[in-house]
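Below, each chain spelled out in residue letters.
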Amino acid sequence: MKKKLPAMLAAAALALITIGIAACSGKDTPAASGDLTKITLNEVAHSIFYAPQYVAIEEGYFAEEGIDLELVTGFGADKTMTAVLSGEADIGFMGSEASIYVYSQNPDDYIVNFAQLTQRAGNFLVAREPMENFQWSDLKGKEVLGGRKGGMPQMVFEYILKKNNLDPAADMTIDQSIDFGATAAAFSGGSGDFTVEFEPGATTLETEGAGYVVASLGVDSGYVPYTAYSAKQSFLKEHPELVQGFTNALQKGMDYVQSHTPEEIAKVIAPQFKETDLEVLTTIVTRYYEQDTWKEDLIFEESSFTLLQDILDEAGELQERVPYADLVTTEYAKKAVE
């Protein structure tokens, strides 16, 4: 018997099956504006974690490729996926597990990943007190504010726990009821003994003296294909030159972060994070930079896709193995580094 589709994408899949891909493809042709062609990109979150993308925007790399990029934040993989499936967005940027969930429902025009940005998890474990010699076994009997079931943050967290011989269900209490982006505030308010935080949440808690980073999920999980760019099969077939230009611009952003200091990267992306002090921004970029968060290229390797499915399988979220050749194309990423 097949498992149910994870709750985070149930609504998207239901809409897809009910309405039909063909009926919701009203925005398959990007609009031209002057000499530039508009592409709508829906990102799962607006985060410093995705620095190469913002470098590409601020340095004008998309414009150089003839693209007028409209950036929209989905605030969750379910919403980002729904935007791509409905045609509201041309390209989605989210965890690749979302494409696997949709593919498993057998849509006619499924989502294909064409560029991988991050190769490590971007969240951190925050404790209430400094713990210089933290061990994952310290979580036994504790309450942890975690992520949504079926999402990459939570699955990677559980993957690490199991690697350290811990049972996520029996050895601790993981609170998954708090909305994405609200866990830091809940932790400050007294909920939980630990919390799993993205930036700037982790650094903000440290700055306020309300928490202390004791472990990096990105370091302890190893290299994982955390986030990637994807689009419907039909969009890739109809607009290969646009997709190639989009990928080229991203590769220029990747090249920039590989050849510049965290201080230089922070200054470039500062306009994207006006609410964040430059010093704090630099601290966060440095944290990601030092743990080798960003790939040198955008090629989504088969070994990475296999690891992703291993993580989903261990989390009990994989209905069945899906073919790498169907859900990933490396054509654009390989050309971008030539």
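Residues numbered from 1 in each chain as written. Predicted model: local features only at pLDDT ≥ 70, side-chain atom pairs only at ≥ 80, totals over all residues. Heavy atoms only, no water.

**Student:** Explain the overall build of the protein here, please?
**Tutor:** Within the protein, the secondary structure is distributed over 16 helices and eleven strands. Of the roughly 14,100 Å² that the protein leaves accessible, carbon and sulfur atoms contribute 48%. (Helix = DSSP H or I, 4+ residues; strand = E, 2+ residues; numbered from the N terminus. Areas by Shrake-Rupley, 256 points an atom, 1.4 Å probe, with all protein chains shown as cover.)

**Student:** Quick question: what am I supposed to make of the pattern of salt bridges here?
**Tutor:** Two side chains of opposite charge can pair, provided their charged atoms sit close to one another. By the definition in use, this model includes twelve salt bridges. As a salt-bridge pair, glutamate 70 and lysine 38 come within 3.1 Å of each other at their nearest N and O atoms. One end of the pair, glutamate 70, is in strand β3 (residues 67–73); the other, lysine 38, is in strand β2 (residues 36–43), and 32 residues separate them in sequence. With a relative accessible area of 31%, lysine 38 lands in the partly exposed category. Between arginine 287 and glutamate 206 there is a salt bridge whose closest N-O contact spans 3.2 Å. With arginine 287 in helix α13 (residues 278–290) and glutamate 206 in helix α8 (residues 201–208), this residue pair connects regions lying 81 residues apart in the sequence. Glutamate 206 gets classed as partly exposed once you look at its relative accessible area, which sits at 28%. (Salt bridge = Lys/Arg side-chain N within 4 Å of Asp/Glu carboxyl O. Buried < 20%, exposed > 50% of the residue type's maximum accessible area, 1.4 Å probe, protein only.)

**Student:** What's the story with the packing of helix α2 (residues 51–58) against helix α11 (residues 240–259) in this structure? I'm lost.
**Tutor:** Between two packed helices, the angle of one axis relative to the other and the distance separating the axes together describe the packing. Between α2 and α11, the least distance of the axes is 8 Å, while the angle of their chain directions is 110°. Classified by the angle between their axes, α2 and α11 sit roughly perpendicular to one another. Helix-helix and strand crossings are classified by hand; for α2 and α11 the assignment is right-handed. Listed contacts from α11 to Pro52, Gln53, Val55 and Ala56 of α2 are Ala249, Leu250, Gly253, Met254, Tyr256 and Val257. Considering only residue class, the contact of α2 with α11 consists of eight nonpolar, two polar and no charged. (Axes fitted to C-alpha atoms, helices over the stretch in contact; angles between N-to-C directions. Parallel < 35°, antiparallel > 145°, perpendicular 65-115°, else oblique. Left-handed = near helix turned anticlockwise from the far one by under 90°. Contact = heavy atoms within 4.5 Å. Nonpolar A, V, L, I, M, F, W, Y, C, P; charged D, E, K, R; others polar.)

**Student:** Would you take a moment to explain the nonpolar core for this structure?
**Tutor:** If you look at the biggest cluster of nonpolar residues, it comprises 108 residues, and the most contacted ones within it are Phe114, Leu125, Trp136, Leu139, Tyr229, Phe246 and Ile269. If one sorts the elements of this core by residue count, α11 sits on top with eight residues. Residues within four places of leucine 139 in sequence aside, it is in contact with Leu125, Phe134, Val144, Phe157, Leu161, Asp171, Met172 and Phe194. (Core = buried A, V, L, I, M, F, W, Y, C linked by side-chain atoms within 4.5 Å.)

**Student:** Please explain α13 as it appears in this structure.
**Tutor:** Because each turn of an α-helix spans 3.6 residues, side chains separated by three or four positions in sequence point in the same direction. Its 13 residues place the ends of α13 18 Å apart at the C-alpha level, agreeing with the 18 Å of an ideal helix rising 1.5 Å per residue. Where α13 is concerned, the buried positions are Leu281, Thr282, Ile284, Val285, Thr286 and Tyr288. Lining the buried residues of α13 we find β6 (123–127), β9 (194–198), α8 and α12 (262–269). If you check the start of α13, you find a side-chain oxygen 2.9 Å away from the backbone N of glutamate 279, and it comes from aspartate 277. Positioned one or two residues after α13, aspartate 292 has a phi angle of 60°, which is positive. (Expected span 1.5 Å × (residues − 1). Polar contact = N/O pair within 3.5 Å; in protein donor to acceptor, adjacent residues only side chain to side chain.)

**Student:** I keep staring at the environment of glutamate 197 and nothing clicks. Help me out?
**Tutor:** For glutamate 197, the position within the fold is in strand β9. Residue classification places glutamate 197 among the buried residues on the basis of a relative accessible area of 5%. Counting along the chain gives 71 residues from glutamate 197 to valine 126, while the straight-line C-alpha distance between them is 7.0 Å. For glutamate 197, the residues in contact, after removing those within four places along its chain, are Gly122, Asn123, Phe124, Val126, Thr183, Ala184, Ala202 and Leu205. A polar contact of 2.6 Å, which involves the side chain of glutamate 197, links it to the side chain of threonine 183. Engagement of the side chain of glutamate 197 in a polar contact is seen with the side chain of threonine 195, the distance being 2.7 Å.

**Student:** Before we go on, may I ask you to explain the confidence of the model for the protein in this structure?
**Tutor:** Note: predicted coordinates in regions of low pLDDT should not be interpreted at a detailed level. Chain-level pLDDT for the protein is 89 on average; 90% of the residues reach the 70-or-more range. Every residue in residues 1–5 is under pLDDT 50, and counting partners more than four places away or in other chains gives 13 contacts. Predicted confidence for residues 7–26 stays below pLDDT 50, and this span has 34 contacts to residues more than four positions away or in other chains. (pLDDT = per-residue confidence, 0-100.)

**Student:** Help me understand α2, please; the structure alone is not making it clear to me.
**Tutor:** Among the eight residues in α2, six count as buried, and that is most of the element. Among the residues of α2, those classed as buried are Ala51, Pro52, Gln53, Tyr54, Val55 and Ala56. Positive backbone phi, approximately 80°, marks glycine 60, located one or two places after α2.

**Student:** For this particular structure, what's the right way to read the sheet that holds strand β10 (residues 212–216)?
**Tutor:** Think of a sheet as strands paired side by side through backbone hydrogen bonds, with each pair either parallel or antiparallel. The sheet built from five strands is open, its strands ordered β8-β7-β9-β6-β10 with mixed pairing. Each end of this open sheet is capped by a strand with a single partner; those strands are β8 (173–175) and β10. The mean inter-strand angle of the sheet, taken between neighbouring strand axes irrespective of direction, is 30°. For β6 and β10, the ladder comprises four bridges, and the chain directions are antiparallel. Each residue of the ladder has a partner; that of phenylalanine 124, found in β10, is serine 216. Packing of helix α6 (residues 152–163) onto the sheet brings it into contact with β6, β7 (143–145), β8 and β9, and relative to β8 it is tilted by some 170°. Along the sheet, α8 makes contact with β6, β9 and β10, crossing β9 at roughly 125°. (Pairing = 2+ DSSP bridges.)

**Student:** So what exactly am I meant to see when it comes to the packing of α8 against α13 here?
**Tutor:** Running from N to C, α8 and α13 cross one another at 125°; their axes reach a closest spacing of 10 Å. One finds that α8 runs oblique with respect to α13. Along this stretch, α8 crosses α13, giving a crossing that reads as right-handed. Every residue of α13 that contacts α8 at Ala202, Thr203 and Glu206 is listed here: Val280, Ile284 and Arg287. Residues that form the contact of α8 with α13 fall into these classes: three nonpolar, one polar and two charged.

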